[in-house]
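Each chain, written out:
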Amino acid sequence: WALTTYLKGACPWNTAEVGGPSIAFTDSCAQWKANFKAELARQPAYDAIFTASLADTPYPGSTAAEVSKGYVAAWRQAKGAPIVTLVDNPDFAEDPNKCLRVSSPADCTEARADVLKKVDPIVAAASSANATLLDFTDKYCDSRDCFSVVGGANVYRDQDHLTVTWTLTLKSAIGEAITGVLTDR
């Protein structure tokens, strides 16, 4: 088998216009998405596509419903390949490693309500597009708090990026989801 990657930081696969820190970034993201659409049109359909996005990505002038529809429209470019997507991880206000340097992991938690998006447009998109949705929220959080260390593994590299150590604990669940969509084809 082969793995093909198409990546551009802070530029999710969505037909809605993404905002950014500058006009140059916004234009660069729009160009990347156009290039990716053309590349998908040139390639034979993939067996599966895994995609994810930061739930806080800015989409100026778009509602959550419009952003969700933008994911669905982008995913239609996949020529019928099954889509596997992921609910965004908790987004801490500050890098939890700063807390971990001076405090115990038990003191470096954030309230679930503060670090999880109330509406993650990718969730509605996955339902609408019949995509496989992976939600690991309960691995990061209990009913009240989200943790910076789980099972001895430091979860965060910075305030919202995950460590390799932590992501490897999710490997089997992600692998099972991808294997499932490939088996169903």
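Preceding this section is the structure that the text describes.
Each value, and the rule that gives it
- Residues numbered from 1 in each chain as written.
- Predicted model: local features only at pLDDT ≥ 70, side-chain atom pairs only at ≥ 80, totals over all residues.
- Heavy atoms only, no water.
- Salt bridge = Lys/Arg side-chain N within 4 Å of Asp/Glu carboxyl O.
- Helix = DSSP H or I, 4+ residues; strand = E, 2+ residues; numbered from the N terminus.
- Buried < 20%, exposed > 50% of the residue type's maximum accessible area, 1.4 Å probe, protein only.
- Phe/Tyr/Trp six-rings, centres within 6.5 Å; stacked < 30°, edge-to-face > 60°.
- Disulfide = S-S within 2.5 Å.
- Pairing = 2+ DSSP bridges.
- Axes fitted to C-alpha atoms, helices over the stretch in contact; angles between N-to-C directions.
- Lys, Arg positive; Asp, Glu negative; His and termini not counted.
- Polar contact = N/O pair within 3.5 Å; in protein donor to acceptor, adjacent residues only side chain to side chain.
- Contact = heavy atoms within 4.5 Å.
- Core = buried A, V, L, I, M, F, W, Y, C linked by side-chain atoms within 4.5 Å.

S.K.: I'd like a description of the pattern of salt bridges, backed by residues and values.
M.R.: Here the structure, examined in full by the defined rule, presents four salt bridges. The residue aspartate 56 makes a salt bridge to lysine 117 at a minimum N-O spacing of 3.2 Å. With aspartate 56 in the loop between strand E1 (49-52) and helix H2 (64-75) and lysine 117 in the loop between helix H4 (112-115) and helix H5 (121-129), the pair connects residues that are 61 residues apart, well separated along the chain. Looking at lysine 117, the relative accessible area reads 44%, which means it is partly exposed. The residue aspartate 138 makes a salt bridge to arginine 112 at a minimum N-O spacing of 3.6 Å. Taken together, the residues aspartate 138 in helix H6 (residues 137-140) and arginine 112 in helix H4 connect sequence positions 26 residues apart. On the accessibility criterion, aspartate 138 (64% relative accessible area) is exposed.

S.K.: Account for the packing of aromatic side chains, with residues named and values stated.
M.R.: Counted under the stated rule, the structure contains seven aromatic pairs. Plain terms: the ring middles of tryptophan 32 and phenylalanine 36 are 5.3 Å apart, the flat faces sit at 15 degrees to each other, and that makes the pair stacked. Within this pair, tryptophan 32 and its partner phenylalanine 36 are both found in helix H1 (residues 23-42), separated by four residues, close to a single helical turn. The pair formed by tryptophan 32 and phenylalanine 36 is uniform in burial state, with each residue classed as buried. Ring geometry for tyrosine 140 against tryptophan 166: centres 5.4 Å apart, planes inclined by 50 degrees, an arrangement best described as tilted. Of this pair, tyrosine 140 sits in helix H6 while tryptophan 166 sits in helix H7 (residues 164-169); the two residues are 26 residues apart in sequence, bridging distant segments of the chain. You can call tryptophan 166 buried: its relative accessible area is 3%. Among the aromatic residues, those joined into a cluster by ring pairs are Tyr6, Trp13, Trp32, Phe36 and Tyr46.

S.K.: Break down the state of the cysteines for me, citing the residues and quoting the values.
M.R.: Applying the stated criterion across every chain, the model contains three disulfides. Across the disulfide from cysteine 141 sits cysteine 146; the S-S distance is 1.9 Å. Taking the torsion about the S-S bond as the criterion, the cysteine 141 to cysteine 146 disulfide, at about 90 degrees, is right-handed. Taken N- to C-terminal, the disulfide-bonded cysteines of the chain are connected 1-2, 3-4, 5-6.

S.K.: I'd love a proper account of the sheet that holds strand E4 (residues 132-134), names of residues and values included.
M.R.: Taken together, three strands build an open sheet; the order of strands is E1-E2-E4 and the sheet is parallel. Each edge of the sheet is formed by a strand with only one pairing partner; in this case those strands are E1 and E4. Going across the sheet, the axis of each strand differs from the next one's by a mean of 25 degrees, ignoring polarity. Pairing geometry for E1 and strand E2 (residues 83-86), over four bridges, is parallel.

S.K.: I'd like a rundown of the side chain of aspartate 88, residues and numbers included.
M.R.: Note on placement: aspartate 88 falls in the loop between E2 and helix H3 (96-102). Of the buried charged residues, aspartate 88 lacks a salt bridge, with lysine 117 as the closest side chain of opposite charge at 8.4 Å. A distance of 2.8 Å separates a polar atom in the side chain of aspartate 88 from the backbone nitrogen of alanine 55. If near-sequence neighbours (up to four positions away) are discounted, aspartate 88 is found in contact with Ser53, Leu54, Ala55, Asp56 and Asp120.

S.K.: Tell me about the nonpolar core, and name the residues and values.
M.R.: Core analysis: the biggest nonpolar cluster contains 24 residues, and Trp13, Ile49, Tyr71, Trp75 and Ile83 have the highest contact counts within it. Those elements that place two or more of their residues in this core are H1, H2 and H5. If we skip the residues at most four places from it in the chain, isoleucine 83 touches Trp13, Ile49, Thr51, Trp75, Ala78, Ala131 and Thr132. Core analysis: the next-biggest nonpolar cluster, separate from the first, contains 15 residues, Val115, Cys146, Trp166 and Ala177 among them.

By themselves these figures say nothing about function.
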